[in-house]
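# Structure assessment
One letter stands for each residue in the lines below.
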Amino acid sequence: MAYTPLATVLQQWQQAPEWQQPQQFLRLLEHWPKLVGAIVAEHTVPLELTGQGVLLVAVASSSWAHHLMFSRSPLMAKIQQTLGIPLSDIRFSHRDWRSQRSAIAPHDPLPKVGDLPKVPPAATPQEAFQRWQAQVRQRSRDYPLCPRCQCPTPIKELERWGVCGLCSTRAV
């Protein structure tokens, strides 16, 4: 019994028709940012290249899908010319964007704020309200007062309207 070298087996396997499509898709993924540009690449992720030559692309929003529909023909021609991948169509959809984006680009961990004090839960609704009221007072103790109602008011509200937000809406 004669043995076939592993390199020959792998080469024959890679040239098999059922392996051509995954190879083409991998090349497409590798060249995607160059094909579509950096900005579009940030808002798109190729999902699949079907056996019928349809490229499925997840996009960040329906606006991106609508915008890219107008670029579909030139993009298909560019992919054919650059990579030699014959496409019959490109379909853009924002339906799978969330899951694909999180799988491809993991989110940065949230910054640590520090240890929060351990506060036991309030026994009654009144106690919970009093705690909330004390927190609001503590946060607003350094705020300047509204000239109309004398309530503590964020500086930005006073700069914008000259009074607090409540007094501003009452005057209208």
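## Comments concerning the confidence of the model for the protein
Of all residues in the protein, 81% have pLDDT values of 70 or greater, and the mean over the chain is 82. A low-confidence stretch, residues 99–103 (pLDDT under 50), is modelled with seven contacts involving residues beyond four sequence positions or located in other chains.

## A few points about a nonpolar patch on the surface
A surface patch of nonpolar side chains, amounting to about 270 Å² of accessible area, comprises Leu 6, Val 9 and Leu 10. Given a relative accessible area of 41%, Leu 10 falls into the partly exposed group.

## Some points on the pattern of salt bridges
In this structure the tally under the stated criterion is five salt bridges. The salt bridge involving Asp 89 is made with Arg 91; its shortest N-O contact spans 3.5 Å. Arg 91 gets classed as partly exposed once you look at its relative accessible area, which sits at 48%. Asp 142 is the salt-bridge partner of Arg 141, the closest N and O atoms lying 3.7 Å from each other. The pair formed by Arg 141 and Asp 142 is uniform in burial state, with each residue classed as exposed. Put simply, Arg 72, Asp 89 and Arg 91 are held in one network by salt bridges that share partners.

## Quick look at unusual backbone geometry
In this structure, Gln 150 takes a positive phi of about 65° despite not being glycine. Tracing the chain through its elements places Gln 150 in the loop between helix H7 (125–140) and helix H8 (155–161). Gln 150 gets classed as partly exposed once you look at its relative accessible area, which sits at 47%.

## A word on the packing of aromatic side chains
Under the definition given, this model contains one aromatic pair. Taking the centre distance of 5.6 Å and the plane angle of 35° together, the rings of Phe 129 and Trp 132 count as tilted. Taken as a pair, Phe 129 and Trp 132 lie in helix H7 at a separation of three residues, close to a single helical turn. With relative accessibility at 46%, the residue Phe 129 sits in the partly exposed group.

## Quick word on the side chain of Ser 168
In this structure, Ser 168 sits in helix H9 (residues 165–171). Residue contacts for Ser 168: discarding those within four places in its chain leaves Trp 161 and Val 163.

## Points about the sheet that holds strand S3 (residues 89–93)
If you trace the three strands from one edge of the open sheet to the other, you get S1-S2-S3, paired in mixed fashion. The open sheet has two edge strands with one neighbour each: strand S1 (44–49) and S3. Averaged over all adjacent pairs, the angle separating strand axes in this sheet is 25°, with direction ignored. With five bridges connecting them, S1 and strand S2 (residues 54–59) associate as antiparallel partners. Looking at S2, one finds that Glu 48 is bridged to Leu 56. The strands that helix H5 (residues 72–83) touches are S2 and S3; relative to S3, the one it contacts most, it runs at about 125°.

Conventions we followed
Residues numbered from 1 in each chain as written. Predicted model: local features only at pLDDT ≥ 70, side-chain atom pairs only at ≥ 80, totals over all residues. Heavy atoms only, no water. pLDDT = per-residue confidence, 0-100. Contact = heavy atoms within 4.5 Å. Patch = residues over 30% accessible without salt bridge, like charges linked within 9 Å, V, L, I, M, F, W, Y side chains within 5 Å. Areas by Shrake-Rupley, 256 points an atom, 1.4 Å probe, with all protein chains shown as cover. Salt bridge = Lys/Arg side-chain N within 4 Å of Asp/Glu carboxyl O. Buried < 20%, exposed > 50% of the residue type's maximum accessible area, 1.4 Å probe, protein only. Helix = DSSP H or I, 4+ residues; strand = E, 2+ residues; numbered from the N terminus. Phe/Tyr/Trp six-rings, centres within 6.5 Å; stacked < 30°, edge-to-face > 60°. Pairing = 2+ DSSP bridges. Axes fitted to C-alpha atoms, helices over the stretch in contact; angles between N-to-C directions.

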